[in-house]
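Close look at the chain arrangement
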Amino acid sequence: RAPSMFSVSPTYEQWLQGARPTAAHRLRHYAEWFILMRWIAFIVTLALIVLIVRIVRLLDSQTYGPLIVTAMVLAASNLLYAYLNRLGRYNHFLLQMQVGGDLLALTVLLHFSGGVENPLALVMVLHVIIGATLLSRAECYAVAALASLMCGVMLLLELSGHIDLYVLQVFPHERSAEGLVHAAYEPLYVLVRIALHTTMMFLIALFVTRLATRQRYDEQQLIAIANQAITERHLLQQSLETTGTAMRVVDERVNTCL
């Protein structure tokens, strides 16, 4: 079962005792959640590599080594993130490192597993959503731009022949006299995929950042209401301790007047 992205809010009694959700505590929890989710992704990635390359053989066997190495680098970086998170001093920068490192690893995995012909290229959308939830609005758009840039550069390098194309058999290929016809070598198709990928990244960033901004505003309002209720309770307790009686006067909007 995946861990909760959001930390558990303190109870009313804990709030009365001074337990407040601080920004540092939330950043630390976000980093821990990201690290745990990456272990899940690492296990799924290993299983897919073995299944696709060794069992089903949808990819050439020469891709097995680079894919395994990339997965192991992902695991090693996760150990580094866990160590840095224990230090408790690089939480926000750690989140940025995790998002950037994941996008780089995902780009390498996509390159060795079909490139533009791999439908899993849209998985990068998940990091845009995570960026909107854990980072600021500007940083979320930066994640969308970085994901678009990495994917676009990879596809253009494959199109130009500067890096090899690794055929994914699940993608339909036509045969000609010269062999298989690859979509990765069709300029119009590649450019359309880059434009579609970039548009989707920024549209999702736009929608999700608006939702995240609204959620943060509502959370701040709830915190303000809770603080006001706690202040009023303390005043009533002090009045009761001092005079033995307590009275609360409210207006038609249930706001305390006295």
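The structure contained in this document is the topic of the report that follows. (Residues numbered from 1 in each chain as written. Predicted model: local features only at pLDDT ≥ 70, side-chain atom pairs only at ≥ 80, totals over all residues. Heavy atoms only, no water.)

Time to look at the overall build of the chain. Helix and strand counts for the chain stand at 7 helices and 2 strands. Going from N to C terminus, the chain has its helices and strands arranged as α-α-α-α-α-α-β-β-α. Sorting the 258 residues of the chain into buried and exposed places 35% on the buried side. Sequence separation of at least 24 residues holds for 70% of the intrachain contacts in the chain that already meet a minimum separation of 6. Taken as a whole, the chain presents about 15,500 Å² of accessible surface, with 66% of it coming from carbon and sulfur. (Helix = DSSP H or I, 4+ residues; strand = E, 2+ residues; numbered from the N terminus. Buried < 20%, exposed > 50% of the residue type's maximum accessible area, 1.4 Å probe, protein only. Contact = heavy atoms within 4.5 Å. Areas by Shrake-Rupley, 256 points an atom, 1.4 Å probe, with all protein chains shown as cover.)

The nonpolar side chains of a soluble globular protein tend to be buried, and buried together. Of all hydrophobic cores here, the largest spans 39 residues; its most connected members are Leu 95, Met 124, Val 128 and Leu 134. Contributions of two or more residues to this core are made by helix H2 (23-55), helix H3 (64-87), helix H4 (91-111), helix H5 (124-134), helix H6 (137-160) and helix H7 (187-243). When residues in this core are grouped by element, the largest group, 8 residues, is from H6. Sequence-distant contacts of Val 128, defined by excluding residues within four places in its chain, comprise Cys 140, Val 143, Ala 144, Met 201, Ile 204 and Ala 205. Ranked by size, the runner-up nonpolar core spans 12 residues in total, among them Ile 49, Val 53, Ala 71 and Tyr 166. (Core = buried A, V, L, I, M, F, W, Y, C linked by side-chain atoms within 4.5 Å.)

Our next topic: the packing of aromatic side chains. Under the defined criterion, the tally for this structure stands at 4 aromatic pairs. With a centroid separation of 6.0 Å and an interplanar angle of 35°, the aromatic rings of Trp 33 and Phe 34 are classed as tilted. Classification of Trp 33 by relative accessible area gives buried; the value is 9%. Owing to a relative accessible area of 4%, Phe 34 belongs among the buried residues under this scheme. Between Tyr 141 and Phe 202, the aromatic rings sit 6.4 Å apart at their centres with planes inclined by 20°, giving stacked as the arrangement. (Phe/Tyr/Trp six-rings, centres within 6.5 Å; stacked < 30°, edge-to-face > 60°.)

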